[in-house]
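An overview of the molecular structure
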Amino acid sequence: MSTEGIIEGLWGVRYQVTDVPRAVAFYTDTLGFRLDFQNLPAFGQVSIENLKLILSGPGASGSRPMPDGRDQQPGGWNRVVLHVKNLSDRITDLKSKGVRFRNEMEVGPGGKQIQIEDPDGNPIELFEPAGR
């Protein structure tokens, strides 16, 4: 059986959240995403350019327990990576807004990065590529 053509493309990234209005406010007001739509209190979708974040709260179909009984939870280490300019300035701006940081800025051959968290502990990496 061929798997060619099964994937149509990227739809988005789903994050589990405990409070959808709070999560929507964080992504729109703090990070500048656009609100696409919401069905409160269970669900919201925000986007920036071609990235859609699907925010699933308690009661959303995308938050239901797994067949083995495990609950879907926010957090973890997999993360969305957002391209920014002037990372040092963005860090200063976000610290003044009370955003939680997981680490200090790291610098490597590919660029600079730092991890922040949304209000539910979902990780977001801000990345400034190295000049090429």
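Everything quoted here is computed from the prediction, not taken from an experiment.

So, about the pairing of strand β8 (residues 111-117). Counting buried positions along β8 gives five out of seven residues, so the element sits mostly inside the fold. Of the pairings in the sheet, the one linking strand β7 (residues 106-108) to β8 comprises three bridges and is antiparallel in character. Of the residues in β8, the one forming a bridge with V107 is K112. Count of turn residues in the β7/β8 antiparallel hairpin: two residues. Of the pairings in the sheet, the one linking β8 to strand β9 (residues 123-129) comprises seven bridges and is antiparallel in character. Paired with G111 across the two strands is P129, which belongs to β9.

A few words on the environment of G57. Secondary-structure assignment places G57 in the loop between β4 (51-56) and β5 (80-83). Accessibility expressed as a relative area gives 1% for G57, which makes it buried. Along the primary structure G57 and D36 are separated by 21 residues, whereas in three dimensions their C-alpha atoms are 16 Å apart. Leaving out residues up to four positions away in the same chain, G57 has contacts with V17, V20, A42 and S63.

To continue, consider helix α2 (residues 87-96). Spacing of three or four residues puts side chains on the same side of an α-helix, whose turn is 3.6 residues. Taken as a whole, α2 has its buried residues at L87, I91 and L94. When α2 is viewed along its axis, its buried side chains cluster within an angular range of 70° and face the same direction. α2 presents T92 and S96 as exposed residues on the side facing more than 90 degrees away from its buried surface. Along its buried surface, α2 packs onto α1 (20-30), β6 (100-101), β8 and β9. Among the residues trailing α2, G98 stands out with phi positive, at a value near 80°.

The next point concerns the pattern of salt bridges. For the structure on display, the rule yields seven salt bridges. Here R34 ties to D36 by a salt bridge, and the two come within 3.3 Å at their closest N and O atoms. Judged by relative accessible area, D36 falls into the partly exposed class, the value being 27%. For the salt bridge of R79 with E125, the shortest nitrogen-to-oxygen distance reads 2.8 Å. Of this pair, R79 sits in the loop between β4 and β5 while E125 sits in strand β9; the two residues are 46 residues apart in sequence, bridging distant segments of the chain. The partly exposed category is assigned to R79, whose relative accessible area is 33%. A network of salt bridges, in which partner residues are shared, links R100, R102 and E117.

Reading guide: rules and limits
- Residues numbered from 1 in each chain as written.
- Predicted model: local features only at pLDDT ≥ 70, side-chain atom pairs only at ≥ 80, totals over all residues.
- Heavy atoms only, no water.
- Buried < 20%, exposed > 50% of the residue type's maximum accessible area, 1.4 Å probe, protein only.
- Helix = DSSP H or I, 4+ residues; strand = E, 2+ residues; numbered from the N terminus.
- Pairing = 2+ DSSP bridges.
- Contact = heavy atoms within 4.5 Å.
- Arc of directions from axis to C-beta.
- Salt bridge = Lys/Arg side-chain N within 4 Å of Asp/Glu carboxyl O.

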